[in-house]
Amino acid sequence: MGTLLRRYWVPILFSDQLPEPDCAPVRVKVLGEKFVAFRNSEGKPGLVDERCPHRNASMFFGRNEESGLRCVYHGWKFDLEGRCVDMPSEPPESNFKNKVRLTAYPCVERGGLVWAYMGPAEHRPAFPDLEWTTVPASHRFATRHIQECNWFQALEGGYDISHLHHLHRGAANLKTHSTKFEFIRSDFGFIAGNGSEVPEGTRWLASVMLMPFHKLIGRHAGPDAPIGAHIWVPIDDENCMIYSIEYHPDRPLGEAEMQNSKNWNYIHTELIPGTDRAVRNRDNDYLIDRELQKSGASFTGLKGFGIQDCGIQETMGPIADRSRERLGKSDSIIIKLRDGMLKLLDDFAGGEPLPGMDGASYRVRSAVFTAKDGEAFADMAPALVKAAAKPEVVATTG
Ligand code: FES
Ligand SMILES: [Fe+2]
């Protein structure tokens, strides 16, 4: 799985965490490894191994100066590409610095985030053209926090539709139960279909799962509401960084929308200042309010969708033991998601190309549509999730 994840662009931190050229380096742990992110004198971001290749001192304490990060132990200095550009501890005639490299990965900035590509250079894919990465900053609100469980466990929660009837009751009140389930592979990843019968046929919610860990949430709150998105980035096997984004494709977010987000009612989560840890966390039982729970205003007594999801997924253990589950019909999508990912891993091991290598394939949204009797989900969904997004804006000149 790690090899597969390294074939995609991985978000590592917000651009404003590296606020200016030559600013202080920032520790980043991602895909089980420790790194340091920094911005060089030209303002370009980079991601390098936290350990200096000389004697393994931490580059976090390094001096970020004149287009390179200099280890403070013996002064070796490295550029964004990891080349050693100065080795003051060696004799001037030595060419040893040409033989030493600090592991470094290419980075780009999109959608207010810095993304790194950590795979083989010859397999570097196009950048995923996720709609929220293309809108102006005013159209977007994004937060992140550490979720203390495995990333796939968290991602599964994003496609577990039946929990909406319970976990989020009070904030969201779903009226219909899904009775039909489809899960198909597409050029960007997968499309999960939850269907319910209506007089005209089947009403489908087609939720997109974009490789390897992106979700776009269906627009539940009306045609002009912001759209939600998640990214579940593995920190290590037992922790992930969940990025939560709300965006509007056509206009800046309004004051009331921003206030709702900052009141932590929806997918965003309040942080302990200066950290990526939620105020409501496992050590304080997510500040469950038993009176609120009893009142019926909230099914859980937990404040906000974000903590309801993350909290309850953490209670399943750092890596949930799937052998102890009892899955029913309503868990069909979870079963199909696991099967789909395992099959994809097999295909990848067998040398088949991965979905999502073409950046334009990411230009989709989750969508709701009605299929008449005899019309198949698999025939309709791929075109409709594409049609739901705005077409790529092609820059014109002259
Ligand atoms: S350990 Fe970094 S320069 Fe010696
Ligand atoms: Fe949820």
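Please refer to the structure placed before this passage.
My aim in this report is to walk through the structure given alongside it, one point at a time. (Residues numbered from 1 in each chain as written. Chains lettered and ligands numbered in written order. Predicted model: local features only at pLDDT ≥ 70, side-chain atom pairs only at ≥ 80, totals over all residues. Heavy atoms only, no water.)

## What to know about the coordination of the iron ion (ligand 2)
And then number 1: For the iron ion (ligand 2), every protein donor is listed as His163 (NE2), His168 (NE2), Asp309 (OD) and Asp309 (OD), and the spread of their distances is 2.1 to 2.5 Å.
And then number 2: Classification of the site at the iron ion (ligand 2) rests on its four donor atoms, whose angles at the metal span 56 to 152°, yielding the label irregular.
And then number 3: In terms of primary sequence, the donors binding the iron ion (ligand 2) are separated according to H-x4-H-x140-D. An identical accessibility class is assigned to His163 and His168; each is buried. (Donors = N, O, S within 2.8 Å, 3.2 Å for Na, K, Ca; no water. Tetrahedral: all angles 85-135°; square planar, octahedral: opposite > 155°, others 65-115°. Buried < 20%, exposed > 50% of the residue type's maximum accessible area, 1.4 Å probe, protein only.)

## Considerations on the packing of helix α2 (residues 151–158) against helix α6 (residues 332–349)
And then number 1: At their nearest, the axes of α2 and α6 sit 10 Å apart, and the two run at 135° to each other. With respect to each other, α2 and α6 are oriented oblique. Once α2 is placed against α6, the crossing between them reads as right-handed. Contacts from Phe152, Leu155 and Glu156 in α2 reach Ile334, Leu337, Arg338 and Met341 in α6.
And then number 2: Here the residues of the contact of α2 with α6 sort into five nonpolar, no polar and two charged. (Axes fitted to C-alpha atoms, helices over the stretch in contact; angles between N-to-C directions. Helix = DSSP H or I, 4+ residues; strand = E, 2+ residues; numbered from the N terminus. Parallel < 35°, antiparallel > 145°, perpendicular 65-115°, else oblique. Left-handed = near helix turned anticlockwise from the far one by under 90°. Contact = heavy atoms within 4.5 Å. Nonpolar A, V, L, I, M, F, W, Y, C, P; charged D, E, K, R; others polar.)

## Here's the deal with the pattern of salt bridges
And then number 1: Counted according to the given criterion, the structure contains 26 salt bridges.
And then number 2: In this structure, Arg277 and Glu148 form a salt bridge, with 2.8 Å as the shortest nitrogen-oxygen distance. Of this pair, Arg277 sits in the loop between α3 (255–262) and α4 (290–295) while Glu148 is found in the loop between β12 (140–147) and α2, placing the two residues 129 residues apart along the sequence.
And then number 3: Of the residues examined, Arg277 reaches a relative accessible area of 23% and is grouped as partly exposed.
And then number 4: For Glu148, a relative accessible area of 13% corresponds to the buried category.
And then number 5: One network of salt bridges, in which partners are shared, links Arg63, Glu65, Arg70 and Asp86. (Salt bridge = Lys/Arg side-chain N within 4 Å of Asp/Glu carboxyl O.)

## Some points on unusual backbone geometry
And then number 1: Residue Pro212 is reached from Met211 by a cis peptide bond, and omega for that bond is -5°.
And then number 2: As for its placement among the helices and strands, Pro212 is situated in the loop between β15 (201–210) and β16 (214–216).
And then number 3: Within the chain, Trp264 stands out as a residue other than glycine whose phi angle is a positive 65°.
And then number 4: Looking at the secondary structure, you find Trp264 in the loop between α3 and α4.

## What to know about the sheet that holds strand β9 (residues 104–105)
And then number 1: Ordered in space as β2-β3-β4-β9, the four strands form an open sheet in which the pairing is antiparallel. At either end of the open sheet lies a strand with only one pairing partner, and these are β2 (26–30) and β9.
And then number 2: Taken together, the five bridges between strand β3 (residues 33–39) and strand β4 (residues 45–49) define a ladder with antiparallel strand orientation. Counterpart to Val36 in the pairing with β4 is Val48. (Pairing = 2+ DSSP bridges.)

## Quick look at the side chain of Ser298
And then number 1: Along the chain, the position of Ser298 falls in the loop between α4 and α5 (305–314).
And then number 2: A distance of 2.8 Å separates a polar side-chain atom of Ser298 from the backbone nitrogen of Gly301.
And then number 3: For Ser298, the contacting residues outside a window of four places in its chain are Arg169, Leu292 and Gln293. (Polar contact = N/O pair within 3.5 Å; in protein donor to acceptor, adjacent residues only side chain to side chain.)

## Focus on the packing of aromatic side chains
And then number 1: Under the criterion given, the structure shown has 14 aromatic pairs.
And then number 2: Relative to Phe61, the ring of Phe60 has its centre 5.1 Å away and its plane inclined at 85°; by these criteria the two rings are edge-to-face.
And then number 3: Its relative accessible area of 51% is what places Phe61 among the exposed residues.
And then number 4: For the ring pair Trp115 and Trp132, a centre distance of 6.1 Å and an interplane angle of 25° mean the geometry is stacked. Of this pair, Trp115 sits in strand β11 (residues 113–117) while Trp132 sits in the loop between β11 and β12, and the two are 17 residues apart along the sequence. One exposure class covers both Trp115 and Trp132, and it is buried.
And then number 5: In this structure, Arg110 is placed above the aromatic ring of Phe127, and the distance from its NZ or CZ to the ring centre is 4.8 Å. (Phe/Tyr/Trp six-rings, centres within 6.5 Å; stacked < 30°, edge-to-face > 60°. Lys NZ or Arg CZ within 6 Å of the ring centre and 35° of its normal.)

Geometry only, nothing functional implied.
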